[in-house]
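# Coordinate analysis (summary)
Here are the chains, one letter per residue:
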Amino acid sequence: MSELLERIADCIEFGKINKAAPFPPQMKGEDGADELTSQALKEGISARRILTEGLMVGMEKVGIKFRENKVFVPQVLMSAKAMKTAMVHLKPYFLSGEVKEKGIFIIGTVEGDLHDIGKNLVIMMVEGTGWKVVDLGTDVKADQFISAIGENPGAFVGLSALLTTTMVNMDKITKAIKEAFPKVCVAVGGAPLNDDFRKKIGADIYSPDPQGLVEYLNSQLS
Ligand code: B1M
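Keep in mind the model is a prediction, meaning the values are calculated, not measured.

## Some points on the packing of aromatic side chains
One pass over the structure, following the stated rule, counts 1 aromatic pair. Ring geometry for W131 and F156: centres 5.6 Å apart, planes at 85°, overall edge-to-face. With W131 in the loop between helix 5 (117–128) and strand 2 (132–135) and F156 in strand 3 (residues 156–160), this pair connects stretches of sequence that are 25 residues apart. Exposure class is identical for W131 and F156. Each is buried.

## Looking at the site of the ligand
L114, H115, D116, S160 and T164 are the nearest of the 25 residues found near the ligand. For the ligand, a nitrogen atom lies 2.6 Å from a polar atom in the side chain of D116. Those elements that place two or more of their residues in the shell around the ligand are helix 5, strand 3, strand 4 (186–189) and helix 9 (210–219). Among the elements that line the shell around the ligand, the one with the most residues is helix 5, at 4 residues. Residue composition of the shell around the ligand, by class: 14 nonpolar, 9 polar and 2 charged.

## Remarks on the domain arrangement of the protein
Domain boundaries in the protein define domain 1 (3–95) and domain 2 (104–219). Taking the mean C-alpha position of each, domain 1 and domain 2 sit 27 Å from one another. Together, the buried faces of domain 1 and domain 2 total about 1100 Å²; carbon and sulfur atoms form 76% of this surface. Residue E215 is joined to R67 by a salt bridge in which the shortest nitrogen-to-oxygen separation is 3.2 Å. Taken together, the links from domain 1 to domain 2 amount to 1 residue pair in polar contact (both at pLDDT 80 or more). Going through the elements one at a time, helix 3 (47–67) and helix 4 (73–95) are the ones with two or more residues in the side of domain 1 that touches domain 2. Residues that form the side of domain 1 that touches domain 2 fall into these classes: 11 nonpolar, 1 polar and 2 charged.

## Describing the layout of surface pockets
Here the largest pocket defines a volume of roughly 560 Å³. What lines the largest pocket is a set of 22 residues, and nearest its centre among them are M83, K84, M87, E127 and W131. Of all the elements in the fold, those that place two or more residues in the lining of the largest pocket are helix 3, helix 4, helix 5 and strand 2. If you tally residues by element for the lining of the largest pocket, the top one is helix 4, at 10 residues. Across the lining of the largest pocket, the residue classes break down as 13 nonpolar, 3 polar and 6 charged. Each of two domains, domain 1 (3–95) and domain 2 (104–219), supplies a minimum of three residues to the lining of the largest pocket. Size it by volume and the second largest pocket reaches roughly 370 Å³. Lining the second largest pocket are 23 residues, and of these G118, V122, G189, G190 and P208 lie nearest its centre. Per-element accounting of the lining of the second largest pocket gives the leading share, 5 residues, to helix 5.

## A short note on the coordination of the cobalt atom of the ligand
In this structure the cobalt atom of the ligand is ligated by exactly one protein donor, H115 (NE2), at 2.2 Å. With respect to the helices and strands, the residue H115 is situated in the loop between strand 1 (104–109) and helix 5.

## What about unusual backbone geometry?
At the junction of F23 and P24, the peptide bond is cis and its omega measures out at -5° in the coordinates. Within the secondary structure layout, P24 lies in the loop between helix 1 (3–14) and helix 2 (33–42). The backbone phi angle of N69 is positive, close to 55°, even though this residue is not glycine. Mapped onto the fold, N69 is located in the loop between helix 3 and helix 4. Judged by its relative accessible area of 55%, N69 is exposed.

What counts as what
Residues numbered from 1 in each chain as written. Predicted model: local features only at pLDDT ≥ 70, side-chain atom pairs only at ≥ 80, totals over all residues. Heavy atoms only, no water. Phe/Tyr/Trp six-rings, centres within 6.5 Å; stacked < 30°, edge-to-face > 60°. Helix = DSSP H or I, 4+ residues; strand = E, 2+ residues; numbered from the N terminus. Buried < 20%, exposed > 50% of the residue type's maximum accessible area, 1.4 Å probe, protein only. Near = heavy atom within 4 Å. Polar contact = N/O pair within 3.5 Å; in protein donor to acceptor, adjacent residues only side chain to side chain. Nonpolar A, V, L, I, M, F, W, Y, C, P; charged D, E, K, R; others polar. Domains from an automatic or database assignment. Buried area = accessible area lost by both parts, 1.4 Å probe. Salt bridge = Lys/Arg side-chain N within 4 Å of Asp/Glu carboxyl O. 1 Å grid on protein atoms, 1.4 Å probe; cavity = no way out; pocket = protein on both sides within 12 Å on 5 of 7 lines; lining within 4 Å. Points joined across faces, edges and corners; volume = space filled by probe spheres on them. Donors = N, O, S within 2.8 Å, 3.2 Å for Na, K, Ca; no water.

As structure tokens, then:
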């Protein structure tokens with residue numbers, strides 16, 4: 001891997017947005033994801049390599065450290081911000097089709113549930129590792145999931161719930177999705193869940209953290 005791509009990966013891992021950003025203190029005054037991504041494109045490194053060998057490498061490291069409680073929500077947010085800044089430079093290459101997304105992931109917090117901090121972290125990690133995410137927001141009903149799946153054939157679906165009282169809605173929504181689209185893969189997550197509950201409602205995978213979900217999604221690519 002080129003040294004420049006390694007530096008981009010470091011910027012994502014440590015949340016270094018741009019040169020002016022004071023965070024993280026040990027990288028103060030250094031170029032960040034913004035300048036280095038622009039430099040890499042100017043040097044002729046392809047957008048695809050910048051994404052897969054720079055940005056995604058950094059994001060994967062953050063995901064693993066977050067799962068292992070070595071970093072916490074604020075650091076993940078800084079990494080996501082650095083990633084977003086870098087992606088602005090790469091967007092034209094996505095639009096032209098030169099860089100392709102791995103697939104589509106539709107996610108929402110289930111009906112009756114307004115908690116979205118965890119869902120948004122999941123989005124950052126999934127997006128950061130190369131997937132297009134369709135965010136349906138919070139309090140999402142079965143028919144909203146079903147029409148989003150209809151609009152995005154082949155998409156994977158994720159349901160998040162933080163309340164024991166909305167876990168029943170997760171059950172209802174999963175069953176409705178499976179009835180309308182039996183082959184669609186449904187992933188579930190959120191603090192009150194476990195794998196027994198996942199089995200009971202007929203979802204395909206439960207992950208306690210974003211990284212487990214990312215690993216599962218990537219494992220499904222043919
Ligand atoms: Co609420 N709340 N809340 N709340 N809230 C909890 C969840 C609660 C445990 C607090 C408590 O009583 N100790 C409790 C639930 C109890 C229960 O169900 N047994 C509770 C309650 C009761 C309520 C209200 C009913 C309170 C009231 O009004 N009486 C009300 C419900 C509103 C509603 O949803 N209809 C309510 C409201 C709120 C706020 C609006 C004030 C706010 C939400 C703001 C927001 O999200 N924008 C809020 C908050 C912040 C919390 C706590 C403090 C924090 C939740 C959180 O964001 N955690 C929470 C108590 C606590 O956890 N200490 C609490 C951090 C987040 C990163 O973790 O969401 O678990 P989490 O996501 C993780 C994983 O679970 C996983 O990845 C994430 C990152 O690791 N993950 C997935 C999540 N989704 C995934 C999907 C996947 C895979 C992994 O695949 C698809």
